[in-house]
Amino acid sequence: MEHHQRSGIGNGTIMHYMLDWYRLPNSFDKLVWLSQILQGMAMKYAVEHWRRNMPRTMGTLYWQLNDMWPAPSWASIDWRGRWKALHYMARRFYQPLLVSGVEDSDAGTVDVHVTNDNTEAVTATVVYTVTDTAGTLITQGEMETVVGAIASTHVTQLDFSEQLAEYSARNLLVYLDLLVDGERVSNNLVLFGRPKHMVFLDPQIIVAISEVDATTYDVTLTAQAPALYVWLELPDAQFSDNFIDLQANQPVTLRVVTPAETTAAILAETLKLGSLYHTYST
């Protein structure tokens, strides 16, 4: 591990920022997963800012794409061609249509932005949903917006100061969805507190598997409480998405392509699942 870490400050820097934002993982495996999440969220934070900053910033590239050997590195694809957390997140934060939010914890506000990299203007609906960490709905609403071609628009500023006063920053989640013709094209999550300070419950995620063919399966995840960065793990499998945020009682279906023919029963035994909660809870 030390030999493959080619940055002299690499491991210490990873641990420093990890503990700034997250709780100490309870195993080496969980530390590896959480370090991937940390990397992805850092890139997400930066790229979303630069995309909101159009036209002053009109593009970004991150270092690096892939690895040539097993290593803790900047890559978003590992040495075997498997996507790390950053690569799944990058597909979302580089979507042509992006909804994002900037929180102000002192003021209790969220500035909502929609970024459009398409060459035509888009009429869209922004939906916001606010819950506590148990998944209880606190408030919700929606608004129509028109976003110009190759432009970023400040849609509105949402005021949640009353909710913050009642529930605190440790117990509030703001979900953003962007709909075009009724179809969700982008989603995001805004927190007022750092995840290590938030009181998440055991999400008790229910997994349902349905067969498409001998190597393709739809896996539906239903959390009983909000869960951050939920990932599926199966060696050499391909996932339609991963490291996603789940709302309470809002099923999400991911497609899994296995490296060889299998059955739903075997997949249920071999497929592993994790989330932020599972990185520190026994």
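See the structure printed just above.
Here is a short report on the structure shown in this document. Note that the coordinates shown come from a computational prediction; the quantities given were computed from them, not determined experimentally.

Each value, and the rule that gives it
- Residues numbered from 1 in each chain as written.
- Predicted model: local features only at pLDDT ≥ 70, side-chain atom pairs only at ≥ 80, totals over all residues.
- Heavy atoms only, no water.
- Helix = DSSP H or I, 4+ residues; strand = E, 2+ residues; numbered from the N terminus.
- Buried < 20%, exposed > 50% of the residue type's maximum accessible area, 1.4 Å probe, protein only.
- Contact = heavy atoms within 4.5 Å.
- Pairing = 2+ DSSP bridges.
- Phe/Tyr/Trp six-rings, centres within 6.5 Å; stacked < 30°, edge-to-face > 60°.
- 1 Å grid on protein atoms, 1.4 Å probe; cavity = no way out; pocket = protein on both sides within 12 Å on 5 of 7 lines; lining within 4 Å.
- Points joined across faces, edges and corners; volume = space filled by probe spheres on them.
- Nonpolar A, V, L, I, M, F, W, Y, C, P; charged D, E, K, R; others polar.

Some remarks on the overall build of the protein chain
Looking only at helices and strands, one finds six helices and 14 strands in the protein chain. Taken along the three principal axes of its C-alpha coordinates, the protein chain extends 45 × 45 × 40 Å. When the 282 residues of the protein chain are sorted by exposure, 45% land in the buried category. Restricting to contacts in the protein chain with at least 6 residues of sequence separation, those with at least 24 account for 62%.

Brief notes about the sheet that holds strand E11 (residues 238–239)
Spatially, the four strands line up as an open sheet ordered E8-E9-E13-E11, and their pairing is antiparallel. Unpaired on one side and paired on the other, strand E8 (206–213) and E11 mark the two borders of the sheet. Both strand E9 (residues 216–222) and strand E13 (residues 252–257) contribute to a ladder of six bridges, which runs antiparallel. Among the inter-strand pairings, Tyr217 is bridged to a residue of E13, identified as Val256.

Points about the packing of aromatic side chains
By the definition in use, this model includes nine aromatic pairs. Judged by centre distance (5.2 Å) and plane angle (25°), the rings of Trp33 and Trp231 are stacked. One end of the pair, Trp33, is in helix H2 (residues 28–52); the other, Trp231, is in strand E10 (residues 227–233), with 198 residues separating them in the sequence. Members of the aromatic cluster, each reached through a chain of ring pairs, are Trp33, Trp83, Tyr88, Trp231 and Phe243.

What to know about empty space enclosed by the protein
Left-over empty space is what a probe sized like a water molecule reveals as it rolls over the atoms. In this structure the tally under the stated criterion is one cavity of 30 Å³ or more. Forming the walls of the largest cavity are Phe200, Leu201, Pro203, Pro226, Ala227, Leu228, Ser275, Leu276 and Tyr277. Where the lining of the largest cavity is concerned, the elements lending two or more residues are E10 and helix H6 (276–280). Residue composition of the lining of the largest cavity, grouped by class: eight nonpolar, one polar and no charged.

Some points on unusual backbone geometry
Most peptide bonds adopt trans geometry, and most residues besides glycine take a negative phi value. Here the residue pair Met54 and Pro55 is connected by a cis peptide bond, since its omega of 5° sits within 30 degrees of zero. Within the secondary structure, Pro55 is located in the loop between H2 and helix H3 (85–93). Positioned with a positive phi, Ile150 is a non-glycine residue whose angle comes to about 45°. The topology assignment puts Ile150 in the loop between strand E4 (137–147) and strand E5 (151–159). By relative accessible area, Ile150 is classed as partly exposed at 43%. Here Ser168, not a glycine, exhibits a phi torsion of approximately 80°, which is positive. Position of Ser168 among the secondary structure elements: in the loop between helix H4 (161–167) and strand E6 (173–180).

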